[in-house]
Amino acid sequence: MHSEAEPALILDNAPATLFLFGLAGGGKSYVGNLIGRLAGWRVYDADDDLTDEMKQALAEHRPFTPPMRDRFFEIVID
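Reading the values: the criteria
Residues numbered from 1 in each chain as written. Predicted model: local features only at pLDDT ≥ 70, side-chain atom pairs only at ≥ 80, totals over all residues. Heavy atoms only, no water. Helix = DSSP H or I, 4+ residues; strand = E, 2+ residues; numbered from the N terminus. Buried < 20%, exposed > 50% of the residue type's maximum accessible area, 1.4 Å probe, protein only. Core = buried A, V, L, I, M, F, W, Y, C linked by side-chain atoms within 4.5 Å. Salt bridge = Lys/Arg side-chain N within 4 Å of Asp/Glu carboxyl O. Phe/Tyr/Trp six-rings, centres within 6.5 Å; stacked < 30°, edge-to-face > 60°.

**Some words on the side chain of Thr51**
For step 1, the next point in the chain: Turning to its location among the elements, Thr51 is positioned in the loop between helix 1 (28-39) and helix 2 (52-59).
For step 2, the next point in the chain: Looking at Thr51, the relative accessible area reads 16%, which means it is buried.

Pasting the structure below:
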């Protein structure tokens, strides 16, 4: 439900799932949470499922390797 001060977001023709990809700090979480709030959709933030290895890579400013990425996708899909 939305307030009068906040417009409704009508997504009648939208797919069942929206994926937001982009660079860090690009506003994905903001936009995802806004869509979720306006449309009454559940929002899943895949950052919550980053592996310890990925978190360590982020802390050390290292890129994710293909095996890291593959394991993460397995977790997200499950």
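After that view, the rundown keeps rolling.
**So, the nonpolar core**
For step 1, the next point in the chain: Among the nonpolar cores identified, the biggest contains 5 residues, and these are Leu50, Met54, Ala57, Met68 and Phe72.
For step 2, the next point in the chain: At the level of secondary structure, the elements contributing two or more residues to this core comprise helix 2 and helix 3 (66-77).

**So, the pattern of salt bridges**
For step 1, the next point in the chain: Using the criterion set out here, one finds 2 salt bridges in the structure.
For step 2, the next point in the chain: When the shortest N-O distance is used, the salt bridge between Glu60 and Arg62 registers 2.7 Å.
For step 3, the next point in the chain: By relative accessible area, Glu60 is classed as partly exposed at 40%.
For step 4, the next point in the chain: Between Glu74 and Arg71 there is a salt bridge, with its nearest N and O atoms 3.0 Å apart. With Glu74 and Arg71 both in helix 3 and 3 residues apart, the pair spans about one turn of that helix.
For step 5, the next point in the chain: Given a relative accessible area of 42%, Arg71 falls into the partly exposed group.

**Quick word on the packing of aromatic side chains**
For step 1, the next point in the chain: The full count for this structure, using the stated rule, is 2 aromatic pairs.
For step 2, the next point in the chain: Note on Phe19 and Phe21: the rings are 6.3 Å apart at their centroids and 25 degrees apart in plane angle, and the pair reads as stacked.
For step 3, the next point in the chain: Judged by relative accessible area, Phe19 falls into the exposed class, the value being 62%.
For step 4, the next point in the chain: Under the relative-accessibility criterion, Phe21 is labelled exposed at 69%.
For step 5, the next point in the chain: For the pair Phe72 and Phe73, a centre-to-centre distance of 6.1 Å together with 40 degrees between the ring planes defines the contact as tilted.
For step 6, the next point in the chain: Overall, Phe72 belongs to the buried group, its relative accessible area being 10%.

Any link to function would need more than the numbers given here.
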